[in-house]
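So you can see what is in the structure, the chains are spelled out below.
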Amino acid sequence: MIVYLIRRLMQSTLVVLAMTVILFVGVYAIGDPVEILISPDADQMERERAIAALGLDRPLWLQYLTFLQNALRGDLGRSFVFNEPALTLIMQKMPATLELAFAATFFAILIGLPLGLWAGLRPEARSSRVIMATSILGFSLPSFWVGLMLIMVFAVQLGWLPSTGRGPTAELFGVQWSFLTIDGLRHLILPAINLSLFKVSLVIRLTRAGVRETVLMDYVKFARAKGLSESRVIFVHVLKNIMIPVITVTALEFGSTIAFSVVTESIFAWPGMGKLIIDSIYVLDRPVIVAYLMIIVLMFIMLNFTVDVLYSVLDPRVRLQDQKA
Amino acid sequence: MAPTLEVRGLRTHFFTKAGVLKAVDDVSFSIEKGKVLGLVGESGSGKSVTGFSVLGLVDPPGRVVDGEIIFQGRNLTGLSEEEWRKIRGRDIAMVFQDPMMTLNPVLRIDTQMIETVLAHEKVSEQAARARAREALTQVGIPSPDERLKAYPHQFSGGMRQRVAIAIALLHRPALIIADEPTTALDVTIQGQILYEVQKLCRDTGTSLIWITHDLSVVAGLADEICVMYAGRIVERGPVDAVLDEPLHPYTRGLIGSVPSRNVRGHKLMQIPGMTPSLLNLPPGCAFRTRCPRADDDCLVEPAITEPKPGREVRCYHPHLLDTVA
Amino acid sequence: MSPPPAEATTVAAPIAEPVRAAEETPFRRFVADFAESKVALGAFICFVLIALAAIFAPWIAPQNPYDLAQLDIMDGRMEPGTVGGAGFTYILGTDDQGRDMFSGILYGLRISLMVGAGSAFIAFCFGTGLGLLAAYFGRRTDAVIMRLVDLQLSFPSILVALMILAFLGKGILNVVIAIVVVEWAYYARTVRGTALVERRREYIEAAECLALSHQRIVFRHLLPNCLPPLIVVGTMQVARAIALEATLSFLGLGVPVTEPSLGLLIANGYEYMLSGRYWISFYPGIALLVTIVVINLVGDQLRDVLNPRLRK
């Protein structure tokens, strides 16, 4: 298990390194680093001083090492617009995005699991076909359009839910959260549903496939032969087996949920990192862009790593294999 | 005394897209308290479906279409799902063929045993656990306390089958249906389990239906045997009588093809041809196309006759002693 | 000619059979298989109509929505069905600049389809080329290309697109580049998988024995046999490209404001939607939705028809 952990950790580090190279090349080779790292408002003197200070006159590989060194120290440059360290700026916006992404994941499981279970237990039923057809739509519809429709129906026409912002927040562990206030929760609903659409479809398909496979297993029949109630057979024997792939995939998808929150946050004016990055791209606040990308990539890699480890904890069979190895 | 189980004219058909598959077609047998009935046949002869029918566990598109299943004087056909559930595991238990598949891989042994107890009795969890421990000891599993906390994959195949048998014994059922429970095991373990099951049944007065394709297994175990072919019982009688003097040509073929019963150097007898597809059985006797004794009479389905006391056979030309050359 | 209806074949089987065999080409059989699903056929017809509407937009549209001289600001935000100052009816209403939404949608479709199909095609060439290289040369080449594919596919499309737009800036060309970078990996993976199977077949061995050039073997022998799955992936990727372009344009990172695609039209109407003027966003959205769903339906049926394992 430890050997496995170390190996996975090394792989992850390599990918992070590769990504820093890509980002570095993106910033320094494709764009003009002077333009990227030095505020456009600076005058000629300041520019030259900054170029020397940043070491932009030195060879490229040396510059890369400096870039890496600074990044390791958490220094990813200062935002031109806010004149604050880019990293700090992003960390401030992160809780809002995380909250949205968690709510979306929660919705995906809350809605997707029962629907997938239904469709898997009654594959021939008309209702199941409707569920599956809808899940195809969830895969192919652009999420921004669905978001607009949600606003049109629930905020404008019916006036049930607010469509912009986070609403009032309350503090927990030193961070502001929307879900702690009733009104904040109401603000959270529409964006979370919008962001969860793709994942709902995914969970429906995974659950359905898993159920169809599992109900044919001998152990399900054996559970029935033991005289267990149908609900115990389904909710314990079947569900526990399909939860492993469903949780794994949902967790793996968490990273892309955060990435796609860019769209949802723009529509619902949700003040998270996604909104920040789009605003930063508009005004070419490049230190913030680089910092955002670095953080997202790190998050992705950490997520992959955690899921791999979690998977081996969740599935007793995997656990044993690792002990043997 | 009334038999523990009496099955009369059971028909279980599968309504598939390709047509109606008559997996069990007019099957009748009965079993006394504490006796062992061997249900013998090739794969696809309907013996497993017969077992599942008695438990009310035929999966769609299959359905019991006709017949009576009288268990302890009560007709089970037409029971509600909840009434069936109360019988399963408590009055009639089942042991499956593949021990690798019958235990749920993601649930611990104690969970799977305790839920069986609690499904039928309102006892405390401690009491249920004590029962589980006792049952494990009964089937010869050492250090049951430790084993209860283990997952199925931590057991060998033979051990798992013992656990499955222990689960079947939890409620001291009046009848256990064992569907080829030793086929997937090593020969030595097979012998141990056969011996123990026989002992347990004798001690507790449990009746046993032992489903197998292996005549040598039932030879030492069963009191009575039924030979099935293509969904019908073709011969039924006390085990010694049937094995010593098989009446039906098919039984004769089966016995002839068991190596141990032949003298060394002699050619093993074999039954020509293949098991017919149940979807399009030829009219008349299903064994007709492979039978050395078939003639035009066999084009009409033969009825069950009793050419000798206690012996039943479904054939126009049984091998009665005087006719054997 | 379409194949004879089912009853005709059964009734007149002996006569019809040889005639049919002579006329049956792979393409005819493909068309017949495809048309078996009424939904897919309807989707295909729908797609053709949409494409025609986009191509002939200048002749169909009552107004050139990109020509600011033709727009009348007085006609801004009119409801569907209003007759405007220019004398024709705005059947789908107008946006804030007095642009006829119907014309706007037709022209927007044009841009969306062009960007979608164009970038999908470039990605196709790029991805297929690299995938074929990986499969044909194997070893190092394969390892490097496929590592890149894995890395690319492990990040969500929107993130990769944002990264590229962040470095290159906004603009329609950069959107095309972003879509190509996002999509090439799907083609590469698909073609490599198929090509690895095909390359072990005898006809490739035969071609190698004839000492044909690598180039000729790869493009004349290997590629044509890998096409069916590529066509399926390609169709789906066109839909994805259109959706991605619309998303990026909606975020304001795509096409310029003066020549809006569907995504930008929707974005423009967004603020008016909150005040109940739904049509500015709603109708372009429907056009986008129908286009994407229709292409996906066609792609679904193509997959069933072109999948050799499912073929009877």
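Refer to the structure above for everything that follows.
All values reported here derive from a predicted model rather than from experimental measurement. (Residues numbered from 1 in each chain as written. Chains lettered and ligands numbered in written order. Predicted model: local features only at pLDDT ≥ 70, side-chain atom pairs only at ≥ 80, totals over all residues. Heavy atoms only, no water.)

K.L.:
Looking at this structure, I do not really get the side chain of A:Asn241. What am I missing?
P.N.:
Residue and element names in this part refer to chain A. Counting through the fold element by element, asparagine 241 comes out in helix α10 (residues 230–268). You can call asparagine 241 buried: its relative accessible area is 11%. Here histidine 237 takes part through its backbone oxygen, which lies 3.0 Å from a polar atom of the side chain of asparagine 241. (Helix = DSSP H or I, 4+ residues; strand = E, 2+ residues; numbered from the N terminus. Buried < 20%, exposed > 50% of the residue type's maximum accessible area, 1.4 Å probe, protein only. Polar contact = N/O pair within 3.5 Å; in protein donor to acceptor, adjacent residues only side chain to side chain.)

K.L.:
What exactly am I supposed to notice about the interface of chain C and chain A here?
P.N.:
Counting from both sides, the interface comprises 36 residues of chain C and, opposite them, 39 residues of chain A. For the pair chain C and chain A, the summed buried surface comes to about 3,400 Å²; carbon and sulfur atoms form 84% of the total. Summed over the shared surface of chain C and chain A, the number is zero salt bridges. For the interface between chain C and chain A, the tally reads one residue pair in polar contact (both at pLDDT 80 or more). For the side of chain C that touches chain A, a count of residues per class yields 26 nonpolar, nine polar and one charged. (Contact = heavy atoms within 4.5 Å. Buried area = accessible area lost by both parts, 1.4 Å probe. Salt bridge = Lys/Arg side-chain N within 4 Å of Asp/Glu carboxyl O. Nonpolar A, V, L, I, M, F, W, Y, C, P; charged D, E, K, R; others polar.)

K.L.:
What exactly am I supposed to notice about the sheet that holds strand β1 (residues 5–16) of chain B here?
P.N.:
Within a sheet, each strand pairs with its neighbour through backbone hydrogen bonds, oriented either parallel or antiparallel. Residues and elements named next belong to chain B. Pairing in this open sheet of four strands is antiparallel, and the strands run β2-β1-β4-β5 from one edge to the other. In this open sheet, the two edge strands, each paired with only one partner strand, are β2 (19–31) and β5 (74–75). Packed onto the sheet, helix α1 (residues 47–54) meets β1, β2 and β4 (62–71) and runs at close to 110 degrees relative to β1. (Pairing = 2+ DSSP bridges. Axes fitted to C-alpha atoms, helices over the stretch in contact; angles between N-to-C directions.)

K.L.:
What is the right way to read the side chain of B:His120 from this model?
P.N.:
Residue position: B:His120 is located in helix α4 (residues 109–120). Polar contacts involving the side chain of B:His120 include one to the main-chain carbonyl oxygen of B:Arg88, which spans 2.8 Å. When sequence neighbours within four positions are dropped, the list of residues in contact with B:His120 reads A:Lys226, A:Gly227, B:Arg85, B:Lys86, B:Arg88, B:Gly89, B:Arg90 and B:His171.

K.L.:
Explanation requested: the pairing of β2(B) in the structure shown.
P.N.:
Regular strands place side chains that alternate from one sheet face to the opposite one. Residues and elements named next belong to chain B. Bridging between β1 and β2 involves ten bridges; their strand directions are antiparallel. The residue of β2 that forms the bridge with phenylalanine 15 is valine 20. What sits between the antiparallel neighbours β1 and β2 is a turn of two residues.

K.L.:
Just to check I follow, could you spell out helix α11 (residues 273–282) of chain A for this structure?
P.N.:
Count 3.6 residues to each turn of an α-helix, and residues three or four apart come out pointing the same way. Residues and elements named next belong to chain A. Taken across its ten residues, α11 has seven buried, putting it largely inside the fold. Taken residue by residue, α11 has Met273, Gly274, Leu276, Ile277, Ile278, Ser280 and Ile281 as its buried positions. A positive backbone phi angle near 50 degrees is found at leucine 284, which sits one or two residues after α11.

K.L.:
In this structure, what is going on with the interface of chain A and chain B? I would like to understand it.
P.N.:
Quite often, the size of an interface is put as the accessible area lost when its parts meet. Facing 21 residues of chain A, the contacting portion of chain B comprises 28 residues. With both chains or domains summed, chain A and chain B bury close to 2,400 Å², and 64% of this area falls on carbon and sulfur atoms. For the chain A face of the interface with chain B, the top three residues by lost area are A:Lys221, A:Phe222 and A:Lys226, together amounting to 29%. Where chain A meets chain B, there are three salt bridges. In this structure, the salt-bridge partner of A:Lys221 is B:Asp59, at a minimum N-O distance of 3.3 Å. Here chain A and chain B share 13 residue pairs in polar contact (both at pLDDT 80 or more) between them. Elements represented by at least two residues in the side of chain A that touches chain B include exactly α9 (218–225), α10 and α13 (316–324) of chain A. Tallied by class, the residues present in the side of chain A that touches chain B amount to nine nonpolar, four polar and eight charged.

K.L.:
So what exactly am I meant to see when it comes to the nonpolar core here?
P.N.:
It is characteristic of soluble globular proteins that their nonpolar side chains tend to be buried jointly. With 126 residues, the main nonpolar core has A:Ile267 and A:Tyr292 as its most contacted residues. Here this core gets 16 residues from one element, more than from any other, and that element is helix α11 (residues 214–250) of chain C. Discounting residues that sit within four places of it in the chain, A:Tyr292 has contacts with A:Ile90, A:Ile258, A:Ala259, A:Val262, A:Met273, A:Ile277 and C:Leu159. Judged by nonpolar contacts, the second largest core, of 96 residues, contains B:Leu39, B:Leu136, B:Leu185 and B:Ile233. (Core = buried A, V, L, I, M, F, W, Y, C linked by side-chain atoms within 4.5 Å.)

K.L.:
Got a minute to help me understand the packing of aromatic side chains in this structure?
P.N.:
For any pair of aromatic rings, geometry is given as the distance between the ring centres together with the angle between the planes. The full count for this structure, using the stated rule, is ten aromatic pairs over all chains. Between the aromatic rings of B:Tyr229 and B:Tyr250, the centroid separation amounts to 4.6 Å while the plane-to-plane angle is 55 degrees, which identifies the pairing as tilted. In this pair, B:Tyr229 sits in strand β9 (residues 224–229) while B:Tyr250 sits in helix α11 (residues 249–256), placing the two residues 21 residues apart along the sequence. For B:Tyr229, a relative accessible area of 2% puts it in the buried group. B:Tyr250 sits in the buried class, given a relative accessible area of 0%. Ring centres of B:Tyr250 and B:Phe287 lie 5.2 Å apart, and the angle between their planes is 70 degrees; this geometry places the pair in the edge-to-face category. One end of the pair, B:Tyr250, is in helix α11; the other, B:Phe287, is in the loop between α11 and β11 (305–308), with 37 residues separating them in the sequence. Aromatic rings pair up to connect A:Phe222, B:Phe52 and B:Phe96 into one cluster. If you follow A:Arg122 out to its NZ or CZ, it ends over the ring of A:Trp118, 4.4 Å from the centre. Here the basic side chain of C:Arg110 rests over the ring of C:Tyr107, its NZ or CZ set 6.0 Å away from the ring centre. (Phe/Tyr/Trp six-rings, centres within 6.5 Å; stacked < 30°, edge-to-face > 60°. Lys NZ or Arg CZ within 6 Å of the ring centre and 35° of its normal.)

K.L.:
Would you mind showing me how to read the packing of α11(C) against helix α13 (residues 279–306) of chain C here?
P.N.:
Geometry of a packed helix pair, given as the angle between the helix axes and the separation of the axes. Residues and elements named next belong to chain C. Remark: α11 packs on α13, axes separated minimally by 9 Å, with the N-to-C direction vectors making an angle of 165 degrees. With respect to α13, the axis of α11 lies roughly antiparallel. Where α11 crosses over α13, the two elements pack in a sense that is left-handed. On α13, the residues that touch Pro228, Ile231, Val232, Thr235, Met236, Val238, Ala239, Ile242, Ala243 and Ala246 of α11 are Leu288, Thr291, Ile292, Ile295, Asn296, Val298, Gly299, Asp300, Leu302, Arg303 and Leu306. Looking at side-chain class alone, the contact of α11 with α13 contains 15 nonpolar, four polar and two charged residues. (Parallel < 35°, antiparallel > 145°, perpendicular 65-115°, else oblique. Left-handed = near helix turned anticlockwise from the far one by under 90°.)

K.L.:
Which parts of the structure should I look at to understand the environment of B:Arg293?
P.N.:
Residue and element names in this part refer to chain B. Structurally, arginine 293 can be placed in the loop between α11 and β11. With a relative accessible area of 23%, arginine 293 lands in the partly exposed category. For the pair arginine 293 and glutamate 121, spaced 172 residues apart in the sequence, the C-alpha separation amounts to 55 Å.

K.L.:
Honestly, the sheet that holds strand β3 (residues 36–40) of chain B in this entry has me stumped. Any pointers?
P.N.:
Residue and element names in this part refer to chain B. As summarised here, the arrangement of the eight strands in space is β6-β7-β8-β3-β9-β10-β12-β11, forming an open sheet in which the pairing is mixed. Only two strands of the sheet have a single partner each, and these edge strands are β6 (92–95) and β11. The mean angle between the axes of side-by-side strands here comes to 20 degrees, regardless of whether they run parallel or antiparallel. Alignment of strand β7 (residues 175–179) against strand β8 (residues 207–212), held across five bridges, turns out to be parallel.

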